[in-house]
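Below, each chain spelled out in residue letters.
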Amino acid sequence: MFHLHLSLFSKTRALENDIDHFHDKLLDAGMTFMQALKIYLNSGRNADFKKHSKQIKQIEHNADELRRSIENNLYGYNLIPDQRADVLELIENFDKVINKFDEVTYMFFAEAPVIPEEYRETFIELGQLSADAAENMCKASRAFFRDLSAVRDYAQKVYFVEHESDLSSRKLLEQIFASSLSLAEKLQLRQFVDGIAEIADEAEDFIDRLLIFTIKRDL
């Protein structure tokens, strides 16, 4: 078995640090997203929510800078040329999840939807499931660089949580469309349910690719 550790990138300490920090940004985005979601559901688009929204935007911006630095270093130092394309694809797909946290938070900021109280608990449940999927995706990705044997364990957690996210989003949509809300309100809320659930979907898509690359490296 070919064991990959971050020492594979030992030609440059900066690249090793960038990869670690890049993973940290996803965890930061997930935690900040959940804080922002809870604030919004409890208090609306207040100053505290706006602060968290700006924090996620900054996290997303910093992650983009790290992604570009990682990509430039992989090419600049001609590292792992036989696996570079796979790593670059993983980095790009990883970044999509960070971007999704920012995108959904901005939707709340820009549209300020009215969330009836009876749906707020399920919105939080759905948000937490998506954040959990992203967290386990992050752990699986770290394992890809450090301990291939642990990738599948975290991958299975992502698949399980994404399935639970599907169930939660369907339950919420059924409740919304069975309510007396106007069609316009129902359709707006659907966008937010779908947006939150798509975070878990993106995490699942990442894991699909990660497992393929893990198998390739384990041959």
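For the structure itself, consult the block above.
Enquirer: Give me the overall build of the chain: which residues, what numbers.
Expert: If you tally the helices and strands in the chain, you get six helices and zero strands. Reading the secondary structure of the chain in the N-to-C direction produces α-α-α-α-α-α. Whereas a compact globule of 219 residues would reach a radius of gyration of roughly 17 Å, the chain reaches 19 Å, a difference of no more than 12%. Considered along the principal axes of its C-alpha atoms, the chain spans approximately 60 × 35 × 20 Å. Within the span of the chain, comprising 219 residues, buried residues form 51% of the whole. For the chain, the accessible area works out to roughly 10,600 Å², and carbon and sulfur atoms hold 49% of it. Seen as two clouds, the 27 positive and the 39 negative side-chain charges of the chain have centres 3 Å apart.

Enquirer: Talk me through a nonpolar patch on the surface; I want residue IDs and the actual numbers.
Expert: Where nonpolar side chains cluster on the molecular surface, the patch consists of F177, L183 and L187 and spans about 270 Å² of accessible area. Locating L187 in the fold gives a position in helix α6 (residues 183-218).

Enquirer: Now, about the pattern of salt bridges: what can you tell me, with residues and values included?
Expert: This model, assessed by the stated rule, comprises 16 salt bridges. The partner of K100 in a salt bridge is E103, with the nearest N and O atoms 3.0 Å apart. In this pair, K100 and E103 both sit in helix α3 (residues 84-111), three residues apart, roughly one turn of the helix. What makes K100 buried here is its relative accessible area of 9%. K139 serves as the salt-bridge partner of E135, at 3.5 Å between the closest nitrogen and oxygen. With a gap of four residues between them, E135 and K139 both fall in helix α4 (residues 117-146), about one helical turn apart. One connected set of salt bridges, linked through shared partners, spans D64, R67, E71, E92 and D95.

Enquirer: Give me the lowdown on the packing of helix α1 (residues 13-43) against α3, citing residues and values where you can.
Expert: Look at α1 against α3: their axes get within 10 Å of each other, and the N-to-C directions meet at 20°. In this view, α1 runs roughly parallel relative to α3, as classed from their interaxial angle. Considering only the axes of α1 and α3, their crossing is left-handed. Between α1, through F22, H23, K25, L26, A29, G30, F33, A36, L37 and Y40, and α3, the contact on the second element is made entirely by I91, F94, D95, V97, I98, F101, V104, T105 and F108.

Enquirer: So what about unusual backbone geometry? Which residues, and what values?
Expert: One non-glycine residue, A112, lies in positive phi territory at about 45°. Of note, A112 is situated in the loop between α3 and α4. Classification of A112 by relative accessible area gives partly exposed; the value is 29%.

Enquirer: I'd like a description of the packing of aromatic side chains, backed by residues and values.
Expert: A full pass over the atoms with the stated rule returns eight aromatic pairs. Ring centres of F22 and F94 lie 5.1 Å apart, and the angle between their planes is 40°; on these two criteria the pair is classed as tilted. Within this pair, whereas F22 is found in helix α1, its partner F94 is found in helix α3, the two being separated by 72 residues in sequence. No difference in accessibility class separates F22 from F94, as the two residues are buried. When the centroid spacing of 6.0 Å and the interplanar angle of 35° are considered together, the rings of Y106 and F109 count as tilted.

The rules behind these values
- Residues numbered from 1 in each chain as written.
- Predicted model: local features only at pLDDT ≥ 70, side-chain atom pairs only at ≥ 80, totals over all residues.
- Heavy atoms only, no water.
- Helix = DSSP H or I, 4+ residues; strand = E, 2+ residues; numbered from the N terminus.
- Rg over C-alpha atoms; globule rule 2.2 N^0.38 Å.
- Buried < 20%, exposed > 50% of the residue type's maximum accessible area, 1.4 Å probe, protein only.
- Areas by Shrake-Rupley, 256 points an atom, 1.4 Å probe, with all protein chains shown as cover.
- Lys, Arg positive; Asp, Glu negative; His and termini not counted.
- Charge placed at Lys NZ, Arg CZ, Asp CG, Glu CD.
- Patch = residues over 30% accessible without salt bridge, like charges linked within 9 Å, V, L, I, M, F, W, Y side chains within 5 Å.
- Salt bridge = Lys/Arg side-chain N within 4 Å of Asp/Glu carboxyl O.
- Axes fitted to C-alpha atoms, helices over the stretch in contact; angles between N-to-C directions.
- Parallel < 35°, antiparallel > 145°, perpendicular 65-115°, else oblique.
- Left-handed = near helix turned anticlockwise from the far one by under 90°.
- Contact = heavy atoms within 4.5 Å.
- Phe/Tyr/Trp six-rings, centres within 6.5 Å; stacked < 30°, edge-to-face > 60°.

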